[in-house]
Amino acid sequence: MFQILVGSKIPFMKYRRHAYILSALIILAGAASLIVKGGFRLGVDFAGGILVEYRFDRVIQADDLRAALSGGGWAGAEIQASEGGRTFLIRIPVPDERQAGEQSPSAQMLRLVKEKVPGIEGELLREEFVGPRVGRELRGKAFWAVLISLLLILTYVTIRYEFKYGLGGIIALAHDVLVVMAFLSFMNKEITIPVIAALLTVAGYSINDKIVVFDRVRERKKGSGRQADAAMIDMSLNQTLSRTIITGVCVILTLETLLLMGGAVIHDFAFAILVGVLVGTYSSIFIGSGISLDLILAAEDRRLEREERAAKLKA
């Protein structure tokens, strides 16, 4: 196998608690961001509403577009510009009632913009509608999809390895998902169905990365002392480090292409997976393996305490 690091002896486990602190700070900052912003910015998929994307034949100022939409009763529309002010993503609440024969929201928007900016032409790129009830159902299904996937992964890793590794892996997966969601909040990204799909993809990629390390630990498992456990995990991490870096870099290069050239439709999806791959690689080294090591050490402490109590009773 191609190796970019040969004979490395990096003591990763020595720094695992520093990594715990860093991760805790990011997750707490994400929670604070959510509190300040009043929660996640839900997309049309979950919040319900109408999403319209238009590309115009010339640059138009967002303020002019907002003024045009205000004239049609959509003063609270969310407007997101791209391509230098030629393409706009517009989200509006679901109308309470719609009259028979009434123009679609996208047609009404284009008419209002033409009245505001005479001569302008617009190309409708997409128009999506989701009712509030469907949005609530989708939120519930998305929550259960993430929860069930994590439980299934925990079951699989527990059966294949020891429970300590399974628990370490699932905590690391939850860590990865929480950190990605923190960055989604920092960047004010919408939570949509593609973003949920990205979170599930991150969980699958991340556990695959951790299983490679756990497999190597199982092969090298020997000894039962504190130093032996930490040294064994460090050795396994160093032996799989080249594979981890090469795989991660290849995936990141692909995702960067999607992020830069994939367009607005998959931008948030690519962003979530890109952050997830970076975080998953980091957590495979420091979080999953570190928590598994701490669980092993805690079990050893409890065993030694039992042996000491038994020896005192015999004495």
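Residues numbered from 1 in each chain as written. Predicted model: local features only at pLDDT ≥ 70, side-chain atom pairs only at ≥ 80, totals over all residues. Heavy atoms only, no water.

A. Just the overall build of the protein, in detail. Each helix and strand in the protein was counted, giving 10 helices and 6 strands. Buried residues in the protein amount to 42% of all 315 residues. A sequence separation of at least 24 residues applies to 80% of the contacts in the protein between residues at least 6 apart. Taken as a whole, the protein presents about 16,900 Å² of accessible surface, with 63% of it coming from carbon and sulfur. (Helix = DSSP H or I, 4+ residues; strand = E, 2+ residues; numbered from the N terminus. Buried < 20%, exposed > 50% of the residue type's maximum accessible area, 1.4 Å probe, protein only. Contact = heavy atoms within 4.5 Å. Areas by Shrake-Rupley, 256 points an atom, 1.4 Å probe, with all protein chains shown as cover.)

B. Region of the structure containing a nonpolar patch on the surface. Taken together, the side chains of Phe143, Trp144, Leu147, Ile148, Leu151 and Leu152 present a nonpolar region at the surface, about 620 Å² in accessible area. With respect to the helices and strands, the residue Leu151 is situated in helix α5 (residues 132–160). (Patch = residues over 30% accessible without salt bridge, like charges linked within 9 Å, V, L, I, M, F, W, Y side chains within 5 Å. Salt bridge = Lys/Arg side-chain N within 4 Å of Asp/Glu carboxyl O.)

C. Spatial organisation of the sheet that holds strand β4 (residues 87–92). In spatial order, the strands read β3-β4-β2-β5; together these 4 strands make up an open sheet with antiparallel pairing. Of all the strands in the sheet, the pair left with one neighbour each is β3 (78–82) and β5 (122–130). On average, adjacent strands in this sheet sit at an angle of 15° to one another, irrespective of strand direction. Of the strands in this sheet, β2 (49–56), β4 and β5 are in contact with helix α4 (residues 105–116), which crosses β2 at around 45°. (Pairing = 2+ DSSP bridges. Axes fitted to C-alpha atoms, helices over the stretch in contact; angles between N-to-C directions.)

D. Examining the nonpolar core more closely. Ranked by size, the top nonpolar core spans 54 residues in total, and within it Phe12, Ile153, Tyr165, Leu184, Ile196 and Leu237 carry the most contacts. If you list the elements that add at least two residues to this core, you get α5, α6 (163–186), α7 (193–220), α8 (226–239), α9 (241–261) and α10 (267–314). If you tally residues by element for this core, the top one is α10, at 15 residues. Contacts of Phe12, omitting those with residues within four sequence positions, involve Asp234, Leu237, Asn238, Leu241, Ile285 and Phe286. Ranked by size, the runner-up nonpolar core spans 20 residues in total, among them Ile50, Phe56, Ile92 and Met109. (Core = buried A, V, L, I, M, F, W, Y, C linked by side-chain atoms within 4.5 Å.)

E. Broad picture of the packing of aromatic side chains. For the structure shown, the criterion picks out 5 aromatic pairs. Ring centres of Phe12 and Phe286 lie 5.8 Å apart, and the angle between their planes is 75°; this geometry places the pair in the edge-to-face category. Of this pair, Phe12 sits in the segment before α1 (16–37) while Phe286 sits in helix α10, and the two are 274 residues apart along the sequence. Taking 5.5 Å as the distance between ring centres and 75° as the angle between the ring planes, the aromatic pair formed by Phe183 and Phe186 counts as edge-to-face. With a gap of 3 residues between them, Phe183 and Phe186 both fall in helix α6, about one helical turn apart. The exposure class of Phe186 is partly exposed, given its relative accessible area of 33%. (Phe/Tyr/Trp six-rings, centres within 6.5 Å; stacked < 30°, edge-to-face > 60°.)

F. How the structure looks around the environment of Thr201. The residue Thr201 is located in helix α7 in this model. Judged by its relative accessible area of 39%, Thr201 falls in the partly exposed class. Residues Thr201 and Gly276, 75 residues apart in the sequence, show an inter-C-alpha distance of 8.7 Å. In terms of polar contacts, Thr201 uses its side chain to reach the backbone carbonyl oxygen of Ala197, at 2.7 Å. (Polar contact = N/O pair within 3.5 Å; in protein donor to acceptor, adjacent residues only side chain to side chain.)

G. Main features of the confidence of the model for the protein. Taken as a whole, the protein shows an average pLDDT of 81; of its residues, 90% reach a score of 70 or greater. Mean pLDDT across the elements of the protein bottoms out in helix α2 (residues 44–47) (71) and peaks in α1 (93). (pLDDT = per-residue confidence, 0-100.)

H. Highlighting the side chain of Thr244. In this fold, Thr244 is placed in helix α9. Only 2.9 Å separates the side chain of Thr244 from the backbone oxygen of Thr240, close enough to count as a polar contact. Beyond its immediate stretch of four places on either side in the chain, Thr244 contacts Asp209 and Thr281.

I. Spotlight on α4. Spanning 12 residues, α4 covers 16 Å between terminal C-alpha atoms, matching the ideal 16 Å at 1.5 Å per step. Turning to α4, its buried residues are Pro105, Ser106, Gln108, Met109, Leu110, Leu112 and Val113. Residues of α4 that are buried make contact with β2, α3 (62–70), β4 and β5. (Expected span 1.5 Å × (residues − 1).)

J. Up close: the packing of α7 against α9. The N-to-C vectors of α7 and α9 enclose an angle of 160°; their axes lie 11 Å apart at closest approach. As far as their axial angle goes, α9 and α7 are roughly antiparallel. The chirality of how α7 crosses α9 is right-handed. Of the residues in α9, those touching α7 at Tyr205, Asn208, Asp209 and Val212 are Arg243, Thr244, Thr247, Gly248 and Val251. (Parallel < 35°, antiparallel > 145°, perpendicular 65-115°, else oblique. Left-handed = near helix turned anticlockwise from the far one by under 90°.)

K. Local environment of the pattern of salt bridges. Summed over all chains, the structure comprises 11 salt bridges. Arg111 is paired through a salt bridge with Glu115; the nearest N and O atoms lie 3.3 Å apart. In this pair, Arg111 and Glu115 are both assigned in helix α4, 4 residues apart and thus about one turn of the helix distant. A residue is classified by how much of its surface remains accessible, and Arg111, at 36% relative accessible area, is partly exposed. For Glu115, a relative accessible area of 53% translates into the label exposed. Within this structure, Arg16, Arg17 and Asp294 form a network of salt bridges that share partners.

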